[in-house]
Amino acid sequence: MIQSKTLYACPGSGEELNFSDTGFSTSDGRRQFPTVDGVPNFLAYPSIEDGEQVQTLIWLNEEARTKGWEASLRAVYGKSSGIYQYVTDEQRAAFLDLLPLNDQAVVLEIGTGLGQITAPLAERCKLVYGLEVVPGQARFTGERCRQSGLTNVLVAAGGDDCQLPYASSGFDVVICNLVLEWCAAREQRIQAEAGQRQFLSEAFRVLKRGGNLWVNTKNRFSLRNLFDSSGGRTDDGKRTGRLRKVLLSLVGKNRHDGLTHSYNKLTAMLQEAGFRDLQSFWAAPEMRCPTAFIPTDPASVRAARQAGNLVQGDTRSTRLLMPLVPAPWVKLVMPGLTFLAKKYESGEI
Ligand SMILES: C[S@@+](CC[C@H](N)C(=O)[O-])C[C@H]1O[C@@H](n2cnc3c(N)ncnc32)[C@H](O)[C@@H]1O
């Protein structure tokens, strides 16, 4: 439920917004952000979803309203589908344990998908703002939270221009889980790396002093990428061989994985955006559904390995090879790059 006083602000200019029955607008009325089903729309560009994707989400949302959110996922995608597992598996939200969440925390989640992280997140904090670039997914997230009795969630559509439609210094935590690789990959008018850098600077801007950013993204140089048996698909969706995929990814051309980076490059990007005190984790066995988060310093990696119950990979080749990787190199070839990074005001380090 939108109240009149929110952290929403005009993307780009940061102007305060007025709220009315139809949505948000700047005080001079020049920019309008209409609200549909309680979800304000801050998108800068026309949606790129094709007709079939839009229709599927309309169906999903209709089913959710009449039969409930979980039944609608079963009806539309099937209970044994990958997507149903991905958006209902509670284990996927285990990383929330690593974040400083409490009943006073105001949190921004970027890229909510179908609310799989949003709902468990809202149970742990005071207020959650969710931003999702696909409006039909944003609506579903809002409905899922509402049906789960969560009244502390405000979901918006936006982010396609890599601007965040929120006031500066309002959030204790910003979560960007498996989104950075995609955040600037869909809009041709935005250069992918420049867009990601802007996204990180925006995350820095909207955090309070001392606030934390969670980033979990794919690692361009993961063993998984180099040795998975399927190869993959290229930008145009065609299947490609393993070697070609690796070569494409080395020159940043494999947009099917979005735009990915090495450990060192992402570290530098976070620091250039202003973040300090970076903690990095090995999300094992892989970053989409991790069961363990191991700090990547060599002593912690060795200790986790010695503990004996660590599953080090999710494919045959990574299960075989990852245990052979020397502890100091694990952070370079782990499947995802997972960071908790802090905002300090400049000069305060
Ligand atoms: C791989 S899914 C991850 C969803 C969820 N965060 C999770 O961990 O399960 C990435 C989501 O980010 C959304 N997304 C991609 N680019 C975005 C952007 N620029 N702004 C907001 N959301 C974006 C996608 O539409 C998609 O729902």
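Notes on the structure follow. (Residues numbered from 1 in each chain as written. Predicted model: local features only at pLDDT ≥ 70, side-chain atom pairs only at ≥ 80, totals over all residues. Heavy atoms only, no water.)

Here the focus is the pairing of strand β14 (residues 336–343). Taken across its 8 residues, β14 has 7 buried, putting it largely inside the fold. For strand β9 (residues 207–218) and β14, the ladder comprises 7 bridges, and the chain directions are antiparallel. Within the sheet, the bridge partner assigned to Asn212 lies in β14 and is Lys342. In this structure, strand β12 (residues 275–284) lies alongside β14, joined through 5 bridges in antiparallel fashion. (Buried < 20%, exposed > 50% of the residue type's maximum accessible area, 1.4 Å probe, protein only. Helix = DSSP H or I, 4+ residues; strand = E, 2+ residues; numbered from the N terminus. Pairing = 2+ DSSP bridges.)

Of all residues adjacent to the ligand, which total 19 residues, the nearest are Gly111, Gln116, Glu132, Gly159 and Asn177. Between the ligand and the protein, one listed contact pairs an oxygen atom with a side-chain N or O atom of Asn177 at 2.8 Å. At a separation of 3.0 Å, a nitrogen atom of the ligand approaches a polar backbone atom of Cys183. Protein contact buries 90% of the 590 Å² of open area that the ligand shows by itself. Here the residues of the shell around the ligand are counted per class, giving 10 nonpolar, 7 polar and 2 charged. (Near = heavy atom within 4 Å. Polar contact = N/O pair within 3.5 Å; in protein donor to acceptor, adjacent residues only side chain to side chain. Areas by Shrake-Rupley, 256 points an atom, 1.4 Å probe, with all protein chains shown as cover. Nonpolar A, V, L, I, M, F, W, Y, C, P; charged D, E, K, R; others polar.)

Turning our eyes to something else, we now look at the nonpolar core. The tendency in soluble globular proteins is for nonpolar side chains to be buried side by side. By size, the foremost hydrophobic cluster in this structure holds 56 residues, and its most contacted members are Leu108, Tyr166 and Phe171. Looking at this core element by element, the count peaks at 5 residues for helix α6 (residues 192–206). Val107, Cys145, Leu150 and Val153 belong to the second-largest nonpolar core, a separate cluster that totals 29 residues. (Core = buried A, V, L, I, M, F, W, Y, C linked by side-chain atoms within 4.5 Å.)

Attention now goes to the pattern of salt bridges. For the structure shown, the criterion picks out 16 salt bridges. Asp97 serves as the salt-bridge partner of Arg124, at 3.0 Å between the closest nitrogen and oxygen. Taken together, the residues span a long stretch of sequence, with Arg124 in the loop between α4 (118–122) and β6 (127–132) and Asp97 in the loop between α3 (82–88) and β5 (106–110) at a distance of 27 residues. A relative accessible area of 34% places Arg124 in the partly exposed class. Taking relative accessible area as the criterion, Asp97 reaches 57% and is therefore assigned exposed. Two residues, Arg146 and Glu143, come together in a salt bridge whose shortest N-O distance is 2.8 Å. Highlighted residues: Arg146 and Glu143, both in helix α5 (residues 135–147), separated by 3 residues, approximately one helical turn. Owing to a relative accessible area of 55%, Arg146 belongs among the exposed residues under this scheme. Assessed through its relative accessible area of 12%, Glu143 is described here as buried. (Salt bridge = Lys/Arg side-chain N within 4 Å of Asp/Glu carboxyl O.)

Glancing now at helix α9 (residues 263–272). By the burial criterion, the buried members of α9 are Tyr263, Leu266, Thr267, Met269 and Leu270. The arc that holds every buried residue of α9, seen down its axis, measures 160 degrees, which confines them to one face. Exposed and facing more than 90 degrees away from the buried side of α9 are Asn264 and Glu272. Of the surrounding elements, those touching the buried residues of α9 are α6, β9, β12, α12 (330–333) and β14. (Arc of directions from axis to C-beta. Contact = heavy atoms within 4.5 Å.)

Take helix α2 (residues 69–77) next. The complete set of buried residues in α2 reads Trp69, Ser72, Leu73 and Val76. Projected down its long axis, α2 shows its buried positions confined to an angular sector of 100 degrees, all on one face. On its buried face, α2 sits against α1 (51–67), α3 and α5. Positive backbone phi, approximately 95 degrees, marks Gly78, located one or two places after α2.

The subject of this paragraph is the packing of α6 against α9. Contact pair α6 / α9: the axes reach a minimum separation of 9 Å and the direction vectors enclose 50 degrees. In terms of axis orientation, α6 runs oblique to α9. In this structure, α6 meets α9 at a crossing whose hand is right-handed. Within the contact between the two elements, α6 uses Glu193, Gln196, Arg197 and Leu200 and α9 uses Lys265, Met269, Leu270 and Glu272. Taken together, the residues that form the contact of α6 with α9 break down as 3 nonpolar, 1 polar and 4 charged. (Axes fitted to C-alpha atoms, helices over the stretch in contact; angles between N-to-C directions. Parallel < 35°, antiparallel > 145°, perpendicular 65-115°, else oblique. Left-handed = near helix turned anticlockwise from the far one by under 90°.)

Here we take up the sheet that holds strand β4 (residues 39–40). The strand order β1-β2-β3-β4 describes an open sheet built from 4 strands, whose pairing is antiparallel. Since the sheet does not close on itself, it has two edges, and those belong to β1 (18–20) and β4, each with one partner. Note: strand β2 (residues 23–25) against strand β3 (residues 32–36), 3 bridges, orientation antiparallel. From the neighbouring strand, Phe24 faces β3, where its bridge partner is Phe33.

Turning our eyes to something else, we now look at the sheet that holds β14. The strand order β7-β6-β5-β8-β9-β14-β12-β13 describes an open sheet built from 8 strands, whose pairing is mixed. Edge positions in the sheet fall to β7 (153–157) and β13 (292–295), since each has one partner strand and no second. On average, each strand axis in the sheet is inclined to that of its neighbour by 20 degrees, with strand direction left out of account. One ladder, built from 6 bridges, connects strand β8 (residues 171–177) with β9; its direction is parallel. When the bridges of β9 are listed, Asn177 appears paired with Asn216. Against the sheet, α5 contacts β6 and β7, and its axis sits at roughly 170 degrees relative to β7. Across the sheet, α9 is in contact with β9, β12 and β14; its angle to β12 comes to roughly 145 degrees.

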